Structure formats: C-alpha cells, structure tokens
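Below, each chain spelled out in residue letters.
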Amino acid sequence: MLKGISGLITPDLIKILMEMGHSDEIVIADGNFPAASHALRLVRCDGHGIPELLEAILPLFPLDVYVDRPVSLMAVTPGDAVETPIWVKYREIVSRYHPVDDSDPFEEVERFAFYDRAKQAYAIVSTGEKALYANVILKKGVVIQAP
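This structure is a prediction, so every number in the text was calculated from the model and none was measured.

Rules of the game
Residues numbered from 1 in each chain as written. Predicted model: local features only at pLDDT ≥ 70, side-chain atom pairs only at ≥ 80, totals over all residues. Heavy atoms only, no water. Helix = DSSP H or I, 4+ residues; strand = E, 2+ residues; numbered from the N terminus. Buried < 20%, exposed > 50% of the residue type's maximum accessible area, 1.4 Å probe, protein only. Lys, Arg positive; Asp, Glu negative; His and termini not counted. Salt bridge = Lys/Arg side-chain N within 4 Å of Asp/Glu carboxyl O. Contact = heavy atoms within 4.5 Å. Axes fitted to C-alpha atoms, helices over the stretch in contact; angles between N-to-C directions. Parallel < 35°, antiparallel > 145°, perpendicular 65-115°, else oblique. Nonpolar A, V, L, I, M, F, W, Y, C, P; charged D, E, K, R; others polar. Pairing = 2+ DSSP bridges. Expected span 1.5 Å × (residues − 1). Arc of directions from axis to C-beta. Phe/Tyr/Trp six-rings, centres within 6.5 Å; stacked < 30°, edge-to-face > 60°.

(A) Quick look at the side chain of Glu129. Checked against the element boundaries, Glu129 lands in the loop between strand 5 (123–127) and strand 6 (136–139). Buried charge Glu129 goes without a salt bridge, the closest partner of opposite sign being Lys89 at 6.8 Å. Look past the residues within four positions of Glu129 in its chain and what remains in contact with it is Asp30, Gly31, His48, Gly49, Ile50, Pro51, Ile86 and Ala134.

(B) Fine view of the packing of helix 3 (residues 50–57) against helix 4 (residues 86–97). Where helix 3 meets helix 4, the axes come as close as 10 Å, and the angle between the chain directions of the two elements is 5°. Taken together, the axes of helix 3 and helix 4 are roughly parallel relative to one another. On helix 4, the residues touching Ile50, Pro51, Leu54 and Glu55 of helix 3 are Ile86, Lys89, Tyr90, Ile93, Arg96 and Tyr97. A per-class count over the contact of helix 3 with helix 4 returns seven nonpolar, no polar and three charged.

(C) Region of the structure containing the sheet that holds strand 4 (residues 106–109). One open sheet holds the six strands; their spatial order is 2-5-1-6-3-4, and the pairing between them is mixed. The open sheet has two free edges, formed respectively by strand 2 (42–45) and strand 4, since each of these has just one partner strand. Along the sheet, successive strands turn relative to each other by an average axial angle of 20°, direction set aside. Taken together, the four bridges between strand 3 (residues 71–74) and strand 4 define a ladder with parallel strand orientation. Following the sheet pairing, Ser72 is matched in strand 4 by Glu107. Those strands touched by helix 1 (residues 11–19) are strand 1 (25–29), strand 2 and strand 5, and its axis lies near 140° from that of strand 2.

(D) Spatial organisation of unusual backbone geometry. Positive phi, normally seen in glycine, also occurs at Ser23, with a value near 80°. Inspection of the secondary structure assignment puts Ser23 in the loop between helix 1 and strand 1. Not every positive phi belongs to a glycine, and Tyr133 is a case in point at roughly 55°. Note on placement: Tyr133 falls in the loop between strand 5 and strand 6. Tyr133 gets classed as buried once you look at its relative accessible area, which sits at 11%.

(E) Spatial organisation of helix 4. For helix 4, spanning twelve residues, the distance from its first C-alpha to its last is 17 Å, which sits close to the expected 16 Å at 1.5 Å a residue. Among all positions in helix 4, only Ile86, Trp87, Tyr90, Ile93 and Val94 are buried. For helix 4, the angular spread of the buried residues around the axis is 120°, confining them to a single face. Each element contacted by the buried residues of helix 4 is listed here: helix 3, strand 3, strand 4 and strand 6.

(F) Fine view of helix 1. Here helix 1 has its buried residues at Leu13, Ile16 and Leu17. Down the axis of helix 1, the smallest arc covering the buried residues is 95°, so these residues share one side. Along helix 1, exposed side chains directed more than 90 degrees from the buried face belong to Pro11 and Met18.

(G) Fine view of the packing of aromatic side chains. Inspection of the entire model under this criterion finds three aromatic pairs. Ring geometry for Phe33 against Tyr115: centres 5.5 Å apart, planes inclined by 55°, an arrangement best described as tilted. One end of the pair, Phe33, is in the loop between strand 1 and helix 2 (35–38); the other, Tyr115, is in helix 5 (residues 111–120), and 82 residues separate them in sequence. Comparing Phe33 with Tyr115, the two get one shared label, buried.

Structural data, given as structure tokens:
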C-alpha cells in the first residue's frame, strides 16, 4: 500500500501508468470488451466499475492538452437504442482533473475504429463495468512542473 494512491490502483496498473509517455493511450474497457484478444498489455481490474477507476487514475494521469479530444468513447452503433448515462459521469470526473475550456475533451469513435485503436493502445484495463458502450480511451499528456 502507498499513501495517497487509491487501493484500486494495482501494482500492474501503476507500473503501466508510469511507463506510458506523452500521447500513449490506455483503454479502460467494460466487461463486454474483448480485452484479452486486443491488448498489447492487459491489466485486470475485475469487479470494479470504470467511474471508480477513472476517479483513481485521473489524479495521477495527465491528459494530453495538445490535442482537441484526449478522451475517446466508443460510439453507439447506429440503430442501437442503448442510452449512455455513464458518459455523464465520465464528463463530471474528467472535468475535475483536466482543465476544460470551451471545447469538449470527448470524441466518439465508431465501434470498429475503436477496436483498431485499442489494439494499438499501450495497455487495456479490463474491468467489471456492466454499462453498455462504457469503453473509454485516455491519451496521456505531460506533467508540467511549476516554476
């Protein structure tokens, strides 16, 4: 255990977050996502939801301020009547840890394009999240030291 770091952050996850560099991406995947077959590096966080993991990760993880949309969501497939209330939670969480100007830091990525990006991501965190279309990609930024 470490002081100031959530117990949800496993040793494997902290290692991955520390290894990642500027513009590397990490996928936080819901329970339905084919994480094992898509991951270059897989971190298991079974039993945890994505909002609670975002709350644990984002105080440690700078989002990229040099891109318009450092957070990507898997878009709902056209014709699918699924609602995505979890996205509202994501927006609330991200706004607490990422400087938000007038632009929206979120983009929606078509399902198969999302899978392609996930295969290229630095790592995929597999969760027990049950909400549909709950997958999210975070693009890492830089830590800016205060003078």
